[in-house]
Amino acid sequence: MDRTFLLIKPSAVSAGNVGGIISCLEDAGFAIAALTMKTMSREEAARFYDVHAGKEFYEPLMDYMTSGPTVGMLLEAEDAIAALRRTVGATDPAQAAEGTIRARYGRTVRQNAVHASDSPERVEHEADIYFGTDGTEAA
Ligand code: CMP
């Protein structure tokens, strides 16, 4: 089984969508291998989104991602990274396919409910920041 990382963003947590999002993930066949809730520090958020540093949406993204609690998960499935990105849908909720998590729970491009890792290297990087480990010790 492959592993990937998913983060539920502050607006989805405050809207009470954690349970709905977890149900979508379990219905899609993902097993939860680790789960933690925390408010990210500015330093953690900057490392998490290092690839976007300097872009025009970066500073508002930092403000948003540190604005409240988030939920991070390691998820297991066959071909987990690609499967999760299909389940999550397009970055812009308005473009996301019907039934995807972002179509159901996203509000705007920034408040798009969840983040999903896009490569094995990013799973390791993002899980390391979130859990303080690459997740191999979890569960
Ligand atoms: P995510 O998958 O978490 O990766 C980076 C995030 O930056 C992305 O989802 C969006 O929430 C946000 N983002 C990307 N492009 C824009 C944009 N043009 N305006 C605002 N936010 C953006």
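Everything numeric here is computed off the predicted structure, so don't read it as measured data.

Peer 1: Before we move on, can you summarise the overall build of the chain with the specific residues and values?
Peer 2: Along the backbone of the chain there are seven helices and four strands. Each helix and strand of the chain, ordered N terminal to C terminal, gives the series β-α-α-β-α-α-β-α-α-β-α. Taken along the three principal axes of its C-alpha coordinates, the chain extends 35 × 35 × 25 Å. Sorting the 139 residues of the chain into buried and exposed places 48% on the buried side. Across the chain, the fraction of contacts at a sequence separation of at least 24, relative to all contacts at a separation of at least 6, is 76%. As displayed, the chain has an accessible area near 6,700 Å², and 48% of this comes from carbon and sulfur atoms. Averaging the locations of the 13 positively and 21 negatively charged side chains of the chain gives two centres separated by 6 Å.

Peer 1: I'd like a rundown of helix H7 (residues 120–131), residues and numbers included.
Peer 2: With 12 residues, H7 extends 16 Å from end C-alpha to end C-alpha; this agrees with the ideal 16 Å at 1.5 Å per step. For H7, every residue scored as buried is listed here: Arg122, Val123, Glu126, Ala127, Ile129, Tyr130 and Phe131. Against the buried residues of H7 lie strand E1 (2–8), strand E2 (31–38), helix H3 (42–48), strand E3 (70–77), helix H5 (80–88) and strand E4 (114–116).

Peer 1: Describe the pairing of E1, and please don't skip the residues or the numbers.
Peer 2: With five of seven residues buried, E1 lies mostly within the body of the structure. Bridge count between E1 and E3: seven bridges; the pairing is antiparallel. Counted as the bridge partner of Leu7 is Gly72 from E3. Inspection of the sheet shows E1 paired to E4 by three bridges, in the antiparallel sense. Paired with Leu7 across the bridge in E4 is His115.

Peer 1: Talk me through the packing of aromatic side chains; I want residue IDs and the actual numbers.
Peer 2: Tallied over the entire structure, the rule returns five aromatic pairs. Note on Phe5 and Phe131: the rings are 6.0 Å apart at their centroids and 85 degrees apart in plane angle, and the pair reads as edge-to-face. Here the residue Phe5 occupies a position in strand E1, and Phe131 occupies one in helix H7, the gap between them amounting to 126 residues. Seen in terms of ring centroids, Tyr130 and Phe131 are 5.6 Å apart; in terms of plane orientation they differ by 75 degrees. Their pairing is edge-to-face. Neither Tyr130 nor Phe131 differs from the other in exposure class; each is buried. Ring pairs connect the aromatic residues Phe5, Phe48, Tyr49, Tyr130 and Phe131, which therefore count as one cluster. Above the ring of Tyr130, the side-chain terminus of Lys38 is found at 5.0 Å from the ring centroid.

Peer 1: Any chance you could break down the layout of surface pockets for me, citing the residues and the numbers?
Peer 2: For the largest pocket, the calculated volume is near 500 Å³. Surrounding the largest pocket, 22 residues form its lining, Tyr49, His52, Thr91, Arg102 and His115 being those nearest its centre. Of all the secondary-structure elements, those providing two or more residues to the lining of the largest pocket are H5, E4 and H7. In terms of residue class, the lining of the largest pocket is built from nine nonpolar, six polar and seven charged.

Parameters and conventions
- Residues numbered from 1 in each chain as written.
- Predicted model: local features only at pLDDT ≥ 70, side-chain atom pairs only at ≥ 80, totals over all residues.
- Heavy atoms only, no water.
- Helix = DSSP H or I, 4+ residues; strand = E, 2+ residues; numbered from the N terminus.
- Buried < 20%, exposed > 50% of the residue type's maximum accessible area, 1.4 Å probe, protein only.
- Contact = heavy atoms within 4.5 Å.
- Areas by Shrake-Rupley, 256 points an atom, 1.4 Å probe, with all protein chains shown as cover.
- Lys, Arg positive; Asp, Glu negative; His and termini not counted.
- Charge placed at Lys NZ, Arg CZ, Asp CG, Glu CD.
- Expected span 1.5 Å × (residues − 1).
- Pairing = 2+ DSSP bridges.
- Phe/Tyr/Trp six-rings, centres within 6.5 Å; stacked < 30°, edge-to-face > 60°.
- Lys NZ or Arg CZ within 6 Å of the ring centre and 35° of its normal.
- 1 Å grid on protein atoms, 1.4 Å probe; cavity = no way out; pocket = protein on both sides within 12 Å on 5 of 7 lines; lining within 4 Å.
- Points joined across faces, edges and corners; volume = space filled by probe spheres on them.
- Nonpolar A, V, L, I, M, F, W, Y, C, P; charged D, E, K, R; others polar.

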